[in-house]
Structure formats: C-alpha cells, structure tokens
Amino acid sequence: MKVTLQAGTEMLQGHGGDQIEAYVALPVVDAGTPIPGVVVIHHMPGFDAATKEITRRFAANGYAAVMPNLHYRDAPGADSDDAAAANRAAGGVPDEQLTGDVKAAAAYLRALPGANGKVGTIGYCSGGRQSFLAACTAGVDAAVDCYGAFVSGTPPKEFPLPITPLLHLTPQLGCPLLGLFGNEDKFPSPDHVDELEAALKENGKEYEFHRYDEAGHGFFAVDRPNYRQAAATDGWVKVFDFYGRTLAG
C-alpha cells in the first residue's frame, strides 16, 4: 500500500478537560481503507523531534498516530528540554493524568474518518511504563512497552521522581502486550523483565517479549549513543507485525 501523510501540531482536550498540545500524523489513503490508530507516548526527555519522527513513521505505514505532549501543562510553548525540566521539577506526570491524556488521544483517533476503531499505545523509557499503565487503565486494544523502567522492580533511593511500580496492575491488563528490552539495561534489568513475565504468565495474559543482546536502555533512539541498529531494526519489524495482527488485521 502506497501511503502519503500529513503531520502537524494540534490542540487536544486531555485529562480533566485541559487543552494540551499534540503532534498528529495521519496517513492519506484511498477512501474505504480502514485506518487503525496509535498513541505514541514520548520518553522523559519530552515532546522532541525524534519522537515526532517515530509518530510520522506510523502514519507512513498506514496508522493514524497522535503523540500528546505530557509536559505541556508545566511549560506551555517551551521547547522539549525546558518543558521536560519543568515537569521533573513538578514531580513528573501523575499516573491518573497519563491515563486521561491517553484516553483523550484514543478517542480522537477513533473519531477520525475511516478509523477502524482500534487503537494501540507505544512508549519508550518512561513512556514504556506508561504504555503498560494505559494497557491496564485506558481501554486500548494493544500496547507496546519499549524498555519501560519500573513496571516491575523498585526505583533506587536516588531516583529523582516519585515512581510507583505497576506490577500490581497486571490483573487489569486488558489487551495484548509486546515488550522489547535490551539485555544490557539496568532499568529494566533482565531480572525486572523476568519478574514482569512471571506476573503475566500467572495472570494468563497475552504477551510476547523480545530481548536483545548487546543493547541497553534507549536502543531505539537514533539520536543517542545507546542506539543499536540491529536491535532497533528488528524491533520495528516486531512492532509492525504485532500491530498488524492486533490493530490492522
């Protein structure tokens, strides 16, 4: 399928009725072509160019994609670095607020002309944790956790934000989960991934995990030293295969 796209920034009514910024990338396809949706959850560094590129990648592959700016409330109009710093100073993104923002983005996607009604989430780093959270609380149809820290495991005492692990929410997981992890990562470490996998098995949840040797935290990030081409390339194959079965199929 040949796809062109249109992309830009819009205002979205998020959690609590707040107006927040969102980056929207939409495929331009033939009338009658069903369009699945993806909510892209950015990493802790924020609403940056690299994550906007990821959002456009989904549109180029036939998915309507929305990335809400989770830090917008803390610094409207600021660049991603300043907004991320303001958000950290405010204590991070509350879990309830994240759920509300994802629900709003999912509703936007489901209301688009041609939408097939199915919406997934994907997140990286803190966004991976938040993608798992959304899969348990936001009524989405599929979720991808890319090396989300503190879904399981305990944050170290020196960690700068108050983060609560989410393992207790595993019984509420309401959709298939894809997890992509680096075996050189510390948060989540291989032991943390094992702990999450055990909880998923215990609760009879549908999931698939892929773990990459010689890859650590942030291996998808093409603009960072931790980028690992082989792991990222295979990871993208796994993402589109997973969404093809759970959202587009």
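Residues numbered from 1 in each chain as written. Predicted model: local features only at pLDDT ≥ 70, side-chain atom pairs only at ≥ 80, totals over all residues. Heavy atoms only, no water.

## Some remarks on the pairing of strand S4 (residues 64-68)
- Counting buried positions along S4 gives five out of five residues, so the element sits mostly inside the fold.
- Where burial is concerned, the two faces of S4 agree: the one with Ala64, Val66 and Pro68 and the one with Ala65 and Met67 are both buried.
- In this structure, strand S2 (residues 19-28) lies alongside S4, joined through four bridges in antiparallel fashion. Directly across from Ala25, in S4, lies its bridge partner Ala65.
- Here three bridges tie strand S3 (residues 35-41) to S4, and the two strands are oriented parallel to one another. (Buried < 20%, exposed > 50% of the residue type's maximum accessible area, 1.4 Å probe, protein only. Helix = DSSP H or I, 4+ residues; strand = E, 2+ residues; numbered from the N terminus. Pairing = 2+ DSSP bridges.)

## What to know about the side chain of Ser80
- Within the secondary structure, Ser80 is located in helix H2 (residues 80-89).
- Look past the residues within four positions of Ser80 in its chain and what remains in contact with it is Pro45, Gly46, Phe47 and Asp48. (Contact = heavy atoms within 4.5 Å.)

## Some details on H2
- Here H2 has its buried residues at Ser80, Ala83, Ala84 and Asn87. Taken down its axis, H2 places every buried residue within 100 degrees of arc, on the same side. Residues Asp81 and Ala89 are exposed on H2 and point more than 90 degrees away from its buried face. (Arc of directions from axis to C-beta.)

## Some remarks on the packing of aromatic side chains
- In this structure the tally under the stated criterion is 19 aromatic pairs.
- With 5.9 Å between their ring centres and 35 degrees between their planes, Phe242 and Tyr243 make a pair best called tilted.
- By relative accessible area, which is 2% here, Phe242 ends up buried.
- Aromatic ring contacts, followed pair by pair, group Phe58, Tyr63, Tyr124, Tyr147, Tyr212, Phe219, Phe220, Trp236, Phe240, Phe242 and Tyr243 into a single cluster.
- One Lys or Arg, Arg57, reaches over the ring of Trp236 and ends 4.2 Å from the middle of that ring. (Phe/Tyr/Trp six-rings, centres within 6.5 Å; stacked < 30°, edge-to-face > 60°. Lys NZ or Arg CZ within 6 Å of the ring centre and 35° of its normal.)

## Some words on helix H4 (residues 126-137)
- For H4, spanning 12 residues, the distance from its first C-alpha to its last is 16 Å, which sits close to the expected 16 Å at 1.5 Å a residue.
- Within the sequence span of H4, burial applies to Ser126, Gly127, Gly128, Arg129, Gln130, Ser131, Phe132, Leu133, Ala134, Ala135 and Cys136.
- Where H4 is buried, its residues meet S3, helix H3 (95-110), strand S5 (115-124), strand S6 (142-146), strand S7 (177-182) and helix H5 (190-202).
- Of the residues trailing H4, Gly139 is marked for its positive phi of about 70 degrees. (Expected span 1.5 Å × (residues − 1).)

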